[in-house]
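The residues making up each chain are set out below.
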Amino acid sequence: MNRLFKLLFTSVALVLSNNHALAQEKPVLKTPVMAIVPFSPGALIDIIARIYSETLSKQIGQPVVVENRPGAGGMVGTQRLLSEDVARNTLLFVSSSYAVNPSVQEKLPFDTLRDLSGVASIAYSPTLVVVNPKSPYKTLQDLIAAAKKKDAYLTYGSAGVNSATDLVGRYFNQEAGIQLEHIPYKGVQEGVAEVVAGRIDVSFAPIALAMPYIKDGRLKAIGITSEHRSDILPDVPTVSEQGVADFDYAIWYGVIMNAKTPDPMKAYMAEQISAVNSNPDVKRKLEQQGLISRTVSLDEFDAYIKQEIEKFRKILKPTH
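Let us look at the structure shown here. None of these values were measured; they are calculated from a predicted model.

About the criteria used
Residues numbered from 1 in each chain as written. Predicted model: local features only at pLDDT ≥ 70, side-chain atom pairs only at ≥ 80, totals over all residues. Heavy atoms only, no water. Pairing = 2+ DSSP bridges. Helix = DSSP H or I, 4+ residues; strand = E, 2+ residues; numbered from the N terminus. Right-handed = clockwise from strand over helix to strand, strands pointing away. Buried < 20%, exposed > 50% of the residue type's maximum accessible area, 1.4 Å probe, protein only. Contact = heavy atoms within 4.5 Å. Salt bridge = Lys/Arg side-chain N within 4 Å of Asp/Glu carboxyl O. Phe/Tyr/Trp six-rings, centres within 6.5 Å; stacked < 30°, edge-to-face > 60°. Core = buried A, V, L, I, M, F, W, Y, C linked by side-chain atoms within 4.5 Å. Axes fitted to C-alpha atoms, helices over the stretch in contact; angles between N-to-C directions. Parallel < 35°, antiparallel > 145°, perpendicular 65-115°, else oblique. Left-handed = near helix turned anticlockwise from the far one by under 90°. Nonpolar A, V, L, I, M, F, W, Y, C, P; charged D, E, K, R; others polar.

A word on the pairing of strand β6 (residues 181-184)
Thought 1: Note that strand β5 (residues 155-158) and β6 share 4 bridges and pair parallel. Paired with Gly 157 across the strands is Ile 183, a residue of β6.
Thought 2: Following the backbone out of β5, through helix α7 (residues 164-176) and into the adjacent parallel β6, one traces a crossover that is right-handed.

Remarks on the side chain of Thr 112
Thought 1: Counting through the fold element by element, Thr 112 comes out in helix α5 (residues 112-115).
Thought 2: Accessibility expressed as a relative area gives 7% for Thr 112, which makes it buried.
Thought 3: When near neighbours in sequence (up to four residues on either side) are disregarded, Thr 112 contacts Tyr 98, Pro 102 and Ile 309.

Some thoughts on the environment of Ile 315
Thought 1: Looking at where Ile 315 falls in the secondary structure, it is placed in helix α12 (residues 298-316).
Thought 2: The exposure class assigned to Ile 315 is buried, which follows from its relative accessible area of 2%.
Thought 3: Separated by 245 residues in sequence, Ile 315 and Pro 70 have C-alpha atoms that sit 25 Å apart.
Thought 4: Contacts of Ile 315, omitting those with residues within four sequence positions, involve Leu 167, Arg 170, Tyr 171 and Gln 174.

Things to note about the pattern of salt bridges
Thought 1: Scanning the model with the defined rule gives 16 salt bridges in all.
Thought 2: The network of salt bridges with shared partners includes Glu 67, Arg 69, Arg 80, Glu 84 and Arg 88.

Things to note about the packing of aromatic side chains
Thought 1: In this structure the tally under the stated criterion is 10 aromatic pairs.
Thought 2: On the numbers, 6.1 Å between centres and 85 degrees between planes, the contact of Phe 172 with Phe 247 is edge-to-face. Here Phe 172 is found in helix α7, whereas its partner Phe 247 is found in the loop between β8 (220-224) and β9 (250-258), with 75 residues between them in sequence.
Thought 3: Each ring, one from Tyr 249 and one from Phe 312, has its centre 6.3 Å from the other, and the planes form 80 degrees; the classification is edge-to-face. With a gap of 63 residues between them, Tyr 249 in the loop between β8 and β9 and Phe 312 in helix α12 connect regions that are remote in the sequence.

A short note on the nonpolar core
Thought 1: Counting 80 residues, the largest nonpolar core has Tyr 52, Leu 143, Phe 172, Leu 180, Trp 252 and Ile 256 as its most contacted members.
Thought 2: Broken down by element, this core gets its largest block of residues, 8 residues, from strand β4 (residues 116-131).
Thought 3: Sequence-distant contacts of Leu 180, defined by excluding residues within four places in its chain, comprise Ala 147, Leu 154, Tyr 156, Phe 172, Asn 173, Val 202 and Phe 204.
Thought 4: In this structure, Tyr 185, Val 192, Ala 210 and Met 211 belong to the second largest nonpolar core, which totals 19 residues.

Quick look at the packing of helix α2 (residues 44-60) against helix α10 (residues 263-277)
Thought 1: At their nearest, the axes of α2 and α10 sit 10 Å apart, and the two run at 120 degrees to each other. In this view, α2 runs oblique relative to α10, as classed from their interaxial angle. Considering the relative orientation of α2 and α10, their crossing is right-handed. Between α2 and α10, the residues in contact are Tyr 52, Thr 55, Leu 56, Gln 59 and Ile 60 and Tyr 268, Gln 272, Ile 273, Ala 275, Val 276 and Asn 277, respectively.
Thought 2: By residue class, the composition of the contact of α2 with α10 is 7 nonpolar, 4 polar and no charged.

This is how it looks when you write it as structure tokens:
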């Protein structure tokens, strides 16, 4: 009996000791947190950062100050993050272009997978395959069949070379085995306007941008590029459902930290951002921007980023 009591006492002591150690590890923020946005004020990622920073500030009891550092496709902001002392717990809000840069830049001033650490995925925006309502392509299969004909010349518009709306077009070409010709514009809005005017055949437009045109009948959605259908347009089938197997493309948004940040702090920030994701007011604001909140755990996000880098390298390979 004495031996059993001694074993139980030792076990309880170990549990209490471990719980105390975990409690001691929980970070305490004593200074404001900087949230870097690597694009200009007014960009969607900037809007997202400000929505999140307001709620995050209330949760952690410290101001979260948004700082815009645009330039070089997001790399200026990334370098700003890496130049900061990790003790300041600086956050970097990023979009899909974060995973594109390693493929389009011959030599980055940092190693994306080694020097940076994904903390949390926060939201994503599917893109719609949109055509003019008067177009002969009533379904995605109509478009693919037309593009496969001899001497076919069909066009898609985007926000510019290597933009998210260009890459989805390239990805679609590869997976569908066709060759839609790329027409780059200064912004995706111009590409959409050209489809409305009937001067180009198709555009891969973010759902929030396309919706007003769809509602007033100036555009027709014939597919959605994400893995699942959208609650906003439940009757629009996915690209994958229409014969392009396993097709999945969405513009995603997330939060990154310096890889040298202590693990307990990264875990704490991931937990707090996950809580922001669950906030009904934040969800409503994201939906107003055509975004769907999505939490990817701390352990899974780095693996997801690596997978996205590999996907973009495959998409961009024919151009190198």
